[in-house]
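A look at the structure
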Amino acid sequence: MYWMLVCAALAPVVLLFIYILAKDMRQPEPLEWLLKALVFGALAGILVISVLSPIGQIQVTGWATAFANAFLMAAIPEESAKLLMLWLLLRKNPYYDERLDGIVYAGCIGLGFAGLENIGYIVQSYMSGGAWLTTAVSRALFAVPGHFFFGVIMGFFYALATFSSRRYRGLNLFLAWSLPILAHGLYDGVLMGMGTVDNYVAGILLIVFLVAFNRLRKYSVSLIDRHQSK
């Protein structure tokens with residue numbers, strides 16, 4: 001049974017991995033480096049669990065609890081760990097030689113992170129007697145693509161910091177860190193907030209979430225296209 005859970009968790013990761021490979025056909029990266037990026041993404045997840053998660057122990061009270069927890073328990077530590085892994089992966093990578101590569105590697109790191117996280121959530125749902133298949137489907141539609149989109153944003157600006165004018169290097173590195181955190185924090189904040197309000201408001205938040213997620217998808221695709229054309 002566990003092999004089925006793992007397959008369900010990794011299926012959306014594989015599909016998005018194939019997608020980003022197809023976008024990088026002009027000068028494809030070596031498969032071993034892409035697989036290494038997936039591993040680095042999983043290591044980012046382990047780093048968050050073992051080192052950075054204490055940040056999330058800060059307790060915030062009041063109406064902002066959901067969003068504060070979304071940023072402190074997820075967005076800030078997770079995206080910081082991913083950016084660290086991206087830097088470690090690319091600092092001596094001889095194949096990192098064009099802007100699209102930043103997106104490809106950061107996207108793969110996001111997928112590696114999402115794969116490890118997805119296995120944990122789905123197995124936990126199964127072990128607790130929950131509807132693990134519902135968990136798998138919902139995360140395949142939103143959580144895994146979300147981590148991929150955050151990675152695309154990170155990689156876009158990281159590549160700008162590498163290959164554009166050094167004058168804006170600091171700004172682009174800051175954007176590579178802060179924009180994924182902002183997108184991730186808002187994503188989690190809306191979802192967490194839905195559990196703290198009545199059904200009517202939760203329904204409104206769900207609509208807001210779906211619209212915003214679609215805009216995030218379109219924005220990420222546009223960033224890929226922009227670097228792909230360089």
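Below is a short write-up of the structure. (Residues numbered from 1 in each chain as written. Predicted model: local features only at pLDDT ≥ 70, side-chain atom pairs only at ≥ 80, totals over all residues. Heavy atoms only, no water.)

1. Regarding a nonpolar patch on the surface
Together, Met1, Tyr2, Trp3, Met4, Tyr126 and Met127 make up a nonpolar patch on the protein surface, roughly 660 Å² of accessible area in all. Contributions of two or more residues to the nonpolar patch are made by helix 1 (2-23) and helix 4 (99-127). Among the elements that line the nonpolar patch, the one with the most residues is helix 1, at three residues. Take Tyr126: it is sitting in helix 4. On the basis of relative accessible area, Tyr126 is assigned to the partly exposed category, the value being 31%. (Patch = residues over 30% accessible without salt bridge, like charges linked within 9 Å, V, L, I, M, F, W, Y side chains within 5 Å. Areas by Shrake-Rupley, 256 points an atom, 1.4 Å probe, with all protein chains shown as cover. Salt bridge = Lys/Arg side-chain N within 4 Å of Asp/Glu carboxyl O. Helix = DSSP H or I, 4+ residues; strand = E, 2+ residues; numbered from the N terminus. Buried < 20%, exposed > 50% of the residue type's maximum accessible area, 1.4 Å probe, protein only.)

2. Structural notes on the packing of aromatic side chains
Scanning the entire structure with this criterion turns up 14 aromatic pairs. When the ring of Phe174 is compared with that of Trp177, the centres are 6.1 Å apart and the planes differ by 50°; the resulting orientation is tilted. A residue pair is termed a helical-turn pair when its members lie 3 or 4 positions apart in one helix, as Phe174 and Trp177 do in helix 6 (residues 169-194) at three residues. Trp177 gets classed as partly exposed once you look at its relative accessible area, which sits at 32%. An aromatic cluster is present here, built from Tyr19, Phe142, Phe148, Phe149, Phe150, Tyr187, Phe209 and Phe213 joined pairwise through their rings. (Phe/Tyr/Trp six-rings, centres within 6.5 Å; stacked < 30°, edge-to-face > 60°.)

3. Digging into the nonpolar core
Most often, soluble globular proteins keep nonpolar side chains buried together rather than apart. Ranked by internal contacts, the top residues of the largest apolar core, which has 50 residues, are Leu86, Leu89, Tyr105 and Leu111. Only helix 1, helix 2 (31-52), helix 3 (65-90), helix 4, helix 5 (132-163), helix 6 and helix 7 (199-228) provide two or more residues apiece to this core. Looking at which element gives the most residues to this core, the answer is helix 5, with 13 residues. If near-sequence neighbours (up to four positions away) are discounted, Leu89 is found in contact with Trp33, Lys36, Ala37, Phe40, Tyr105 and Ile109. (Core = buried A, V, L, I, M, F, W, Y, C linked by side-chain atoms within 4.5 Å. Contact = heavy atoms within 4.5 Å.)

Shape is all these values report; function is a separate question.
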